[in-house]
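Next come the chains, spelled out residue by residue.
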Amino acid sequence: MRVLLIEDDAKTARALASGLRGEGFETVTAKTGEEGFFLVSRESFDVVILDWMLPGRDGIEVLRTLRAGGSKTPVLLLTARDAFAELLARVRALLRRVDSGSALRQQIGDLTLNMQTRRVARGSREIALTPREFDLLMFLAQYHDQTVTRQMIAREVWREPNRATPLDNVIDVHLAHLRRKLDEGETVKLIQTVRGVGFVLRTEADA
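Residues numbered from 1 in each chain as written. Predicted model: local features only at pLDDT ≥ 70, side-chain atom pairs only at ≥ 80, totals over all residues. Heavy atoms only, no water.

*Asks:* Just give me the short version of the sheet that holds strand β4 (residues 75-78), but keep the residues and values in it.
*Replies:* Taken together, four strands build an open sheet; the order of strands is β2-β1-β3-β4 and the sheet is parallel. Two strands lie at the open edges of the sheet, namely β2 (26-30) and β4, each paired on one side alone. For this sheet the average axis-to-axis angle between neighbouring strands, irrespective of direction, equals 20°. Bridge count between strand β1 (residues 2-6) and strand β3 (residues 47-51): four bridges; the pairing is parallel. Its bridge partner being in β3, Val3 is matched across the sheet by Val47. Across the face of the sheet, helix α2 (residues 33-42) comes into contact with β1, β2 and β3 while running at roughly 135° to β2. (Pairing = 2+ DSSP bridges. Helix = DSSP H or I, 4+ residues; strand = E, 2+ residues; numbered from the N terminus. Axes fitted to C-alpha atoms, helices over the stretch in contact; angles between N-to-C directions. Contact = heavy atoms within 4.5 Å.)

Listed below in structure tokens is the structure:
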């Protein structure tokens, strides 16, 4: 299996590439989205691992461009420096999928999230989100059933490496707006607060 790893941080790229090679994957690395496009157009890969936080265009923009250029290669978004064991499990699960285009569409319960069109629906009800609300939901969806902290949200959605109380307040306001749009009138509440830790998007009620 050939893997293309698009990751701008050299230390992270070396560690991931070494780990993947140790698991039997032939791994090629690229530092930028442009370099990745060039490699995908010239060579054949079984999966692309794409850093969410690339400089210039983020991972979603790079993914859109790959799909617009006709690439059908399955793509996995690398978010918040996944632990290697989790990343490996996600790569293997992605390789088992028949529909490689599903990387742009995510279904969580009755919630449908289309990363290409940036459209969101809950059942048959379409939900209008601001760009920031969509990015926040997309991040929660990447980690559905896992708790994310405000620090993770600050770094990956707001792109602020250091948390501060005013930013926490802004995050909480956006989460409240997003929760109202998604969950108001619904029996199952998707966005739940994990007291003292953070937030989780899941389809089962908090026990």
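Still more to cover.
*Asks:* Please give an account of helix α5 (residues 131-142) that cites residues and values.
*Replies:* Spanning 12 residues, α5 covers 17 Å between terminal C-alpha atoms, matching the ideal 16 Å at 1.5 Å per step. The element α5 is largely enclosed, with a buried count of nine among its 12 residues. For α5, the complete set of buried residues consists of Glu133, Phe134, Leu136, Leu137, Met138, Phe139, Leu140, Ala141 and Gln142. (Expected span 1.5 Å × (residues − 1). Buried < 20%, exposed > 50% of the residue type's maximum accessible area, 1.4 Å probe, protein only.)

*Asks:* Lay out the packing of aromatic side chains in plain terms, naming residues and giving numbers.
*Replies:* Tallied over the full model, the rule gives two aromatic pairs. Summarising the aromatic geometry, the rings of Trp52 and Phe139 are spaced 6.0 Å apart at their centres and angled 75° between planes, so their arrangement reads as edge-to-face. Placement of the pair is Trp52 in the loop between β3 and α3 (59-68) and Phe139 in helix α5, with a sequence separation of 87 residues. The buried category is assigned to Trp52, whose relative accessible area is 6%. On the basis of an interplanar angle of 50° and a centroid distance of 5.4 Å, the ring pair of Phe139 and Tyr143 is categorised as tilted. Like Tyr143, Phe139 is buried. Every member of this aromatic cluster is reached through a ring pair, and the members are Trp52, Phe139 and Tyr143. (Phe/Tyr/Trp six-rings, centres within 6.5 Å; stacked < 30°, edge-to-face > 60°.)

*Asks:* Lay out the pattern of salt bridges in plain terms, naming residues and giving numbers.
*Replies:* Here the structure, examined in full by the defined rule, presents 12 salt bridges. Note that Glu23 and Arg92 form a salt bridge whose closest N and O atoms lie 3.1 Å from each other. Of the two residues, Glu23 is situated in the loop between α1 (10-22) and β2 and Arg92 in helix α4 (residues 84-96); the sequence distance between them amounts to 69 residues. Owing to a relative accessible area of 37%, Glu23 belongs among the partly exposed residues under this scheme. A salt bridge links Arg64 to Glu61, with the nearest nitrogen and oxygen atoms 2.4 Å apart. Here Arg64 pairs with Glu61, and both are found in helix α3, just three residues apart, close to one helical turn. Accessibility expressed as a relative area gives 15% for Arg64, which makes it buried. Judged by its relative accessible area of 34%, Glu61 is partly exposed. One network of salt bridges, with partners in common, ties together Arg2, Glu26 and Glu43. (Salt bridge = Lys/Arg side-chain N within 4 Å of Asp/Glu carboxyl O.)

*Asks:* Got a sec to walk through the nonpolar core? Specific residues and values, please.
*Replies:* Counting residues in hydrophobic clusters, the biggest one holds 47 residues, and the most contacted among them are Leu4, Leu50, Ile153 and Leu201. Once you skip the residues sitting within four places of it in the chain, Leu201 turns out to touch Ile108, Leu111, Leu137, Leu140, Ala141, His144, Asp145, Leu190 and Ile191. Grouped together as the second largest cluster of nonpolar side chains are 14 residues, Leu20, Val47, Ile49 and Leu88 included. (Core = buried A, V, L, I, M, F, W, Y, C linked by side-chain atoms within 4.5 Å.)

*Asks:* Can you lay out helix α7 (residues 165-183) for me, pointing to particular residues and giving the numbers?
*Replies:* The end-to-end C-alpha separation of α7 is 26 Å, in line with the 27 Å expected for 19 residues at 1.5 Å each. Buried residues of α7: Leu167, Asp168, Ile171, Leu175, Leu178, Leu182 and Asp183, and no others. Take α7 and look down its axis: the buried residues cluster within an arc of 105°, on one side only. The outward face of α7, more than 90 degrees from its buried face, is lined by the exposed residues Thr165 and Pro166. Backbone geometry just downstream of α7 places Gly185 in the positive-phi region, at approximately 85°. (Arc of directions from axis to C-beta.)

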